[in-house]
Amino acid sequence: GCCGAPSHDIGVHPRFQDMFGKVTSEMEKAGASELLLACPHCYHIFKENAPYIQLRSVYEVMAEHGLPEGVKAQNDKIFAIHDSCKTRYESKIQDSVRTIAKEMGYKIEDVEFSRDKTRCCGMGGMAAYVDFKLVNKVTNRRAQETSFDMISYCAACRDAFALVGKPSLHLLELVFNPMWEE
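All values derive from a computational prediction rather than experimental measurement.

Enquirer: Which residues make up the state of the cysteines, and what values do they have?
Expert: Following the criterion strictly, the structure yields zero disulfides and no others. There is no disulfide at C42, and the cysteine sulfur nearest it, in C3, is 3.6 Å away. With no disulfide partner, C120 has as its closest neighbouring cysteine sulfur the one in C85, 3.9 Å distant. Given a relative accessible area of 25%, C120 falls into the partly exposed group.

Enquirer: I'd like to hear about the packing of aromatic side chains, residue by residue, with values.
Expert: For any pair of aromatic rings, the description rests on two quantities: the centre-to-centre distance and the angle between the ring planes. In this structure the tally under the stated criterion is four aromatic pairs. Their ring planes at 65 degrees and their centres at 5.8 Å tell us that Y59 and Y153 sit as a pair that is edge-to-face. Within this pair, whereas Y59 is found in helix 4 (residues 58–65), its partner Y153 is found in the loop between strand 5 (149–152) and helix 7 (155–163), the two being separated by 94 residues in sequence. For Y59, a relative accessible area of 1% translates into the label buried. Aromatic rings pair up to connect F16, F20 and F46 into one cluster. The ring of F79 has K77 sitting right over it, with the charged end atom 5.5 Å from the ring centre. Of note, R119 hangs over the ring of F113, and the distance from its end group to the ring centre comes to 3.7 Å.

Enquirer: Give a description of the environment of A160 that names residues and reports values.
Expert: As for its placement among the helices and strands, A160 is situated in helix 7. Each C-alpha atom of the pair A160 and V135 lies 8.7 Å from the other, and the pair is 25 residues apart in sequence. Aside from chain neighbours lying at most four places away, what touches A160 is C121, M123 and T139.

Enquirer: Now, about the pairing of strand 1 (residues 34–37): what can you tell me, with residues and values included?
Expert: Here strand 1 shows a clear split, with L35 and L37 buried on one side and none of E34 and L36 buried on the other. Strand direction decides the pairing type here: strand 1 and strand 2 (residues 54–57), joined by four bridges, are parallel. Across the sheet, residue E34 finds its bridge partner in strand 2, namely Q54. Crossover handedness for the path strand 1 to helix 3 (residues 40–49) to strand 2: right-handed.

Enquirer: Outline the sheet that holds strand 6 (residues 168–170), supporting the account with residue identities and numerical values.
Expert: Taken together, four strands build an open sheet; the order of strands is 4-3-5-6 and the sheet is parallel. The sheet terminates laterally at strand 4 (107–110) and strand 6, the two strands that pair on one side only. Averaged over all pairs of adjacent strands, the angle between strand axes in this sheet comes to 35 degrees, irrespective of strand direction. Here strand 3 (residues 78–82) pairs with strand 4 via four bridges, running parallel. Considered in strand 4, the bridge of I78 is made with K107.

Quick notes on the rules
- Sequence order as written defines the numbering, with residues in each chain counted from 1.
- The predicted origin of the model limits local features to residues at a pLDDT of at least 70 and limits the giving and counting of side-chain atom pairs to 80 or more, whereas totals for whole chains, interfaces and linings rest on all residues.
- Excluded from the side-chain calculation are hydrogens and water; included are all heavy atoms of the structure.
- Put simply, a disulfide is two cysteine sulfurs that come within 2.5 Å.
- Exposure classes here rest on a 1.4 Å probe applied to the protein chains alone. A residue is buried below 20% of its type maximum, exposed above 50%, and partly exposed in between.
- Pairing of aromatic rings covers Phe, Tyr and the six-membered ring of Trp, with a centre-to-centre limit of 6.5 Å; geometry is then stacked below 30 degrees between planes, edge-to-face above 60, and tilted otherwise.
- Counting from the N terminus, the helices are the DSSP runs of H or I reaching at least four residues and the strands are the DSSP runs of E reaching at least two.
- Whether a charge lies above a ring is judged from NZ of Lys or CZ of Arg, which has to be within 6 Å of the ring centre and within 35 degrees of the ring normal.
- Whether two residues are in contact is decided by their heavy atoms, any of which lying within 4.5 Å being enough.
- Pairing between strands is defined by DSSP: at least two bridges between them are needed.
- Note on handedness: a clockwise path from strand one over the helix to strand two, with the strands aimed away from the viewer, defines a right-handed crossover.
- To get an axis, a line is fitted to the C-alpha atoms, and for a helix only the part in contact is used. The angle between two axes follows their N-to-C directions and goes from 0 to 180 degrees.

Structure (structure tokens):
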């Protein structure tokens, strides 16, 4: 289920509490104490609203356990990594993403504003639904910070870059879609 982040971001707190409560209730029913997440925004929502739940990103697990057999780059492409603003202070996630990309054989070029200094892609806080021109400006500024294609690990960030014509891929596309280059 959805963690309710969109409702949270636009201030519809009863809807957020309902959605978030359903996820935490299902966890309790299952007896789960750890939640594995791929979405940076979900990670942030759970960290802020349910600090009693142990969180891990799928990227941490993949970096620890290795990639599926046969997953290697077919070229020596260089990517810039865009860190989601929701993972600005999540160094374990950031390190794991870089480990995965390097393990695949790609070269990584960190942009000036990465990790704890990362800039928002422009989609944060549901801003596109309020001021699309501003979002477009912010996204273009971010996209122009590197000449390399971007890797992101946030679907909204990846989509933001695609909307302004910046070649970008979600990390999971690189791992699980060997035909992405075609």
